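Listed here are the chains, written in short residue letters.
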There are 2 protein chains.
Amino acid sequence: MKPPSEKSAGRRKSRPSFEPLQPHEIELADFFVRMAGILGVPRSVAEIYALLYVSSGPLDFDHIQGRLGISKGSVSQGLKFLRDHEMVLSVKEKGARRERWQPTPSLAASLVALLRSQVLPALEQAQPGLQRVLADAQQRGAQPEVIERLSRLNRWNSRALELAPLLLPPPGA
Amino acid sequence: MKPPSEKSAGRRKSRPSFEPLQPHEIELADFFVRMAGILGVPRSVAEIYALLYVSSGPLDFDHIQGRLGISKGSVSQGLKFLRDHEMVLSVKEKGARRERWQPTPSLAASLVALLRSQVLPALEQAQPGLQRVLADAQQRGAQPEVIERLSRLNRWNSRALELAPLLLPPPGA
DNA sequence: GCCTAGGTTCAAAATTTATTGAAACATCAG
DNA sequence: CTGATGTTTCAATAAATTTTGAACCTAGGC
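Quick caveat: nothing in here was measured; it's all calculated off a predicted structure.

Engineer: What's the story with the nonpolar core in this structure? I'm lost.
Structural biologist: The nonpolar side chains of soluble globular proteins are, as a tendency, buried together. Grouped together as the largest cluster of nonpolar side chains are 84 residues, with contacts concentrated most on Phe32, Ile64 and Leu150 of chain A together with Phe32, Ile64 and Leu150 of chain B. Here this core takes 10 residues from helix α5 (residues 107-139) of chain A, the largest share from any one element. The residues touching Leu150 of chain A, leaving out its near neighbours within four places in the chain, are Val133, Leu134 and Ala137 of chain A together with Leu28, Tyr53 and Val54 of chain B.

Engineer: Looking at this structure, how should I read the interface of chain A and chain B?
Structural biologist: When the parts come together, some accessible area is lost, and that loss is often what is quoted as the size of the interface. With 40 residues of chain A at the contact, the number on the chain B side is 41 residues. Between chain A and chain B, a total of about 3400 Å² is buried, with carbon and sulfur atoms accounting for 66% of that surface. Among the residues of chain A in contact with chain B, Ile38, Tyr53 and Arg149 of chain A are the three that bury the most area, contributing 18% of the side total. Scanning the region where chain A abuts chain B turns up two salt bridges. Glu27 of chain B serves as the salt-bridge partner of Arg132 of chain A, at 2.8 Å between the closest nitrogen and oxygen. Applying the counting criterion to the chain A and chain B interface returns 11 residue pairs in polar contact (both at pLDDT 80 or more). Secondary structure elements with two or more residues in the side of chain A that touches chain B: α1 (23-38), α2 (43-54), α5 and α6 (144-167) of chain A.

Engineer: Would you take a moment to explain the packing of aromatic side chains for this structure?
Structural biologist: Working definition: an aromatic ring pair is given by the centre-to-centre distance plus the angle between the planes. As enumerated under the stated definition, the model contains eight aromatic pairs over all chains in all. One Lys or Arg, Arg149 of chain A, reaches over the ring of Tyr53 of chain B and ends 5.7 Å from the middle of that ring.

Engineer: Just to check I follow, could you spell out the pairing of strand β3 (residues 100-103) of chain B for this structure?
Structural biologist: Residues and elements named next belong to chain B. Residues of β3 alternate between two faces, with Trp101 and Pro103 buried on one and Arg100 and Gln102 left unburied on the opposite face. Note that strand β1 (residues 59-60) and β3 share two bridges and pair antiparallel. Counted as the bridge partner of Asp60 is Arg100 from β3. Note that strand β2 (residues 88-91) and β3 share four bridges and pair antiparallel. Bridged to Val91 within β3 is Arg100.

Engineer: Help me out: how do you make sense of the packing of helix α2 (residues 43-54) of chain B against helix α4 (residues 72-84) of chain B in this one?
Structural biologist: Helices that pack against each other are described as a pair by the angle of their axes relative to one another and the distance between those axes. All names here are of chain B. For the pair α2 and α4, interaxial distance at closest approach is 9 Å and the crossing angle is 75°. One element, α2, and the other, α4, form an angle in the roughly perpendicular class. The residues of α4 that touch α2, namely those facing Val45, Ile48 and Tyr49, are Ser74, Val75, Gly78, Leu79, Phe81 and Leu82. The residue inventory of the contact of α2 with α4, partitioned by class, reads seven nonpolar, two polar and no charged.

Engineer: How should I be thinking about the protein's contact with DNA strand D in this particular structure?
Structural biologist: Neighbouring DNA strand D are 19 residues, the closest being Ser44 of chain A together with Phe61, Lys72, Gln77 and Arg83 of chain B. By atom count, sugar and phosphate contribute 53% of the portion of DNA strand D lying within 4 Å of the protein. Here a phosphate oxygen of DNA strand D sits 2.9 Å away from a polar atom, N or O, in the side chain of Arg83 of chain B. Take Arg98 of chain B: an N or O atom from its side chain is 3.1 Å from a phosphate oxygen of DNA strand D. Looking at the surface near DNA strand D, the elements that each hand over two or more residues are α2 and α4 (72-84) of chain A together with α4 of chain B. A per-element tally of the surface near DNA strand D places α4 of chain B first, with five residues.

So, how was this worked out
- Residues numbered from 1 in each chain as written.
- Chains lettered and ligands numbered in written order.
- Predicted model: local features only at pLDDT ≥ 70, side-chain atom pairs only at ≥ 80, totals over all residues.
- Heavy atoms only, no water.
- Core = buried A, V, L, I, M, F, W, Y, C linked by side-chain atoms within 4.5 Å.
- Buried < 20%, exposed > 50% of the residue type's maximum accessible area, 1.4 Å probe, protein only.
- Helix = DSSP H or I, 4+ residues; strand = E, 2+ residues; numbered from the N terminus.
- Contact = heavy atoms within 4.5 Å.
- Buried area = accessible area lost by both parts, 1.4 Å probe.
- Salt bridge = Lys/Arg side-chain N within 4 Å of Asp/Glu carboxyl O.
- Polar contact = N/O pair within 3.5 Å; in protein donor to acceptor, adjacent residues only side chain to side chain.
- Phe/Tyr/Trp six-rings, centres within 6.5 Å; stacked < 30°, edge-to-face > 60°.
- Lys NZ or Arg CZ within 6 Å of the ring centre and 35° of its normal.
- Pairing = 2+ DSSP bridges.
- Axes fitted to C-alpha atoms, helices over the stretch in contact; angles between N-to-C directions.
- Parallel < 35°, antiparallel > 145°, perpendicular 65-115°, else oblique.
- Nonpolar A, V, L, I, M, F, W, Y, C, P; charged D, E, K, R; others polar.
- Near = heavy atom within 4 Å.

Structure follows, in structure tokens:
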């Protein structure tokens, strides 16, 4: 057990103390935050990405936390999100224990992966339900107008699912 | 427990009672709700759209409220949103005071309008800021890698703004 | 094994966003 | 003009989401 107060007893690693974001960094972060907002990506995630994006080399966990002034938990979760969506890469130097992070080369690819992960599951999951809705309407002799709408929706869904792997090839392709 | 349904209690004009959504309607609503969620559109808005989408004719305010079981305020705001994004049309019958609503013919066009309204303003607003960030980086002699990233971001932004009016023509075009 | 730097988890707290409903407003018929 | 109907507004409330931080893992050096 560690006593919580570690003022200046014995050998203390000097708290690195990171600079807050500079104006130009804030500007870029704002841009990413707004764009991310459209897709429902949390502010902290966008900020982490923005910071890596304007930084010259890969940054480690503590730098990210320090410069953004957010909690460990947020950094961890944010990096997990970015990792899961293939938006960042870790560079592990040999002999070093920490991981250091940088944005993946192509922002375009990153966005595509993100969209893919959001839209595809929804389309897949909806497929059977939509078919059922259409069948239901036909069976009940709904208005032709409604049948037509529901048919179109089904066709779209199918085509989107067919096209998806071509336009947005998954990691392994 | 459901509120007492007075289906059988005489047809009185004072309190028209509406049926809750049927299973097939719920299914479609769920689909729209999920899709809308990706773009941050509230549940109630998606539900309204879904209801209009499966309904044979245009529906009036009270029908929408009654069948979805949501508040007047939500219906009003939801319809405003859908109107603003050109996703619904009102059909005013002559001599009638109420407006009746139906989805616009093309769902595709509706989605495009929606995206347009979300993304374009962000791109426009970001333009000067992004240029400033790049200029800043160049002036401070940032790493070529960073300069390159920021340049690409600027080019993208510009091109997106140029292309936008072509791909997503505004109402008047 | 033991220790600890490095990172994750997750319940609680903070924040943001959506919904409600009563009051205000608007429009039309009489 | 007046009253009734139909709709909007918006402050209060409810619901959903994000952030925090302390407890908890995990791998690697000793």
